[in-house]
Amino acid sequence: MILKDQISDKDIERSLWLINNKKKIIKIIILILIFFCVILYAISTFGFIKFFTTKDINLNNFSTINFSQNKKTPNNLTVGDKQLIDRGNGKYDIAITINNPNEFWGATEIKYSLIIDGIEQTEDKTFIMPQETKKIAKLGINSETRIKNIDIIFKNIIWKKIKANEIQNFKKQSFEVKDLALNINPEDRSIRNWAEFSVKNISPYNFKNTKFIVFLYVGSQIVAINEIGQNYFKSEETRKLQTSWYYILPSYATAEIQTEVNLIDKNNYFLEN
């Protein structure tokens, strides 16, 4: 019988050679793959070392890169400056700075208590926006002895995660403060001192509750605080506000106004009739 495709002697020799050298061929392939893996590992290690030894990039900068965007739980609030204001006659005001380090988490409600000379005070509440730094103010604290130590503890925090495409709405300025004027009479205790200014709601929203806290400074030290609450503040509306103090203040004090409006709370918005 004649085969159409006859196998040549060379084909037989190649097949026999492959069979006899199969193990050697596999070993060579494995060695080649190992060699390439070592090369890739060396290149990766070199690049990693170079990344951390470059002048403009160090471990401190690397630690500030935001890896928390998709975190399921927010980082804790941090506490900064704590200031005590002695108003005289056994009355004190307190201002404590808190910071929310989270880019995509805001707190719709923060329940907290102040600790004054080791004694926990009544519970209060506030809120904070993503990446916001704000001052918590407590006014008119009575104490028969001079207060020496103040602190704060957070009892409960209700967090809300903000979508990445919405976060810019929570970072925009909602109110514009203009025409700030201070009227301070340090020589006469009986004459009131006051601050007046105009506030415009430059956001597209109407807010049920807003608060404006006026801080008077001498350098970095707060010397006076007052709060002005405002209800049903409409978009594009302008209001003239005023607050007073009835104790001696330095005429060279400067003012800072902190706006508080809870943008996360949906119940804080209203539609105009």
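Conventions adopted
Residues numbered from 1 in each chain as written. Predicted model: local features only at pLDDT ≥ 70, side-chain atom pairs only at ≥ 80, totals over all residues. Heavy atoms only, no water. Helix = DSSP H or I, 4+ residues; strand = E, 2+ residues; numbered from the N terminus. Buried < 20%, exposed > 50% of the residue type's maximum accessible area, 1.4 Å probe, protein only. Contact = heavy atoms within 4.5 Å. Pairing = 2+ DSSP bridges. Axes fitted to C-alpha atoms, helices over the stretch in contact; angles between N-to-C directions. Salt bridge = Lys/Arg side-chain N within 4 Å of Asp/Glu carboxyl O.

Draft legend 1. Local environment of the side chain of Thr-210. Its place among the elements puts Thr-210 in strand S9 (residues 207-218). Note on Thr-210: relative accessible area 6%, which makes it buried. Among residues more than four places away in sequence, those in contact with Thr-210 are Phe-175, Ile-228, Gly-229, Gln-230, Phe-233, Glu-260 and Val-261.

Draft legend 2. Representation of the sheet that holds S9. Strand order in the open sheet made by the 3 strands is S10-S9-S12, with antiparallel pairing throughout. Single-partner strands in this sheet number two, and they are strand S10 (221-233) and strand S12 (254-260). Each adjacent strand pair in this sheet contributes to an overall mean axis angle of 20 degrees, direction not counted.

Draft legend 3. A look at the pattern of salt bridges. Overall, the coordinates contain 12 salt bridges when judged by the stated rule. Where Lys-125 meets Glu-109, a salt bridge forms, and the shortest distance between an N and an O atom there is 3.7 Å. In this pair, Lys-125 is assigned in strand S4 (residues 119-128) and Glu-109 in strand S3 (residues 105-116), connecting sequence segments 16 residues apart. For Lys-125, a relative accessible area of 58% gives the class exposed. Taken together, the shared-partner salt bridges in this structure form one network comprising Glu-120, Glu-123 and Lys-155.

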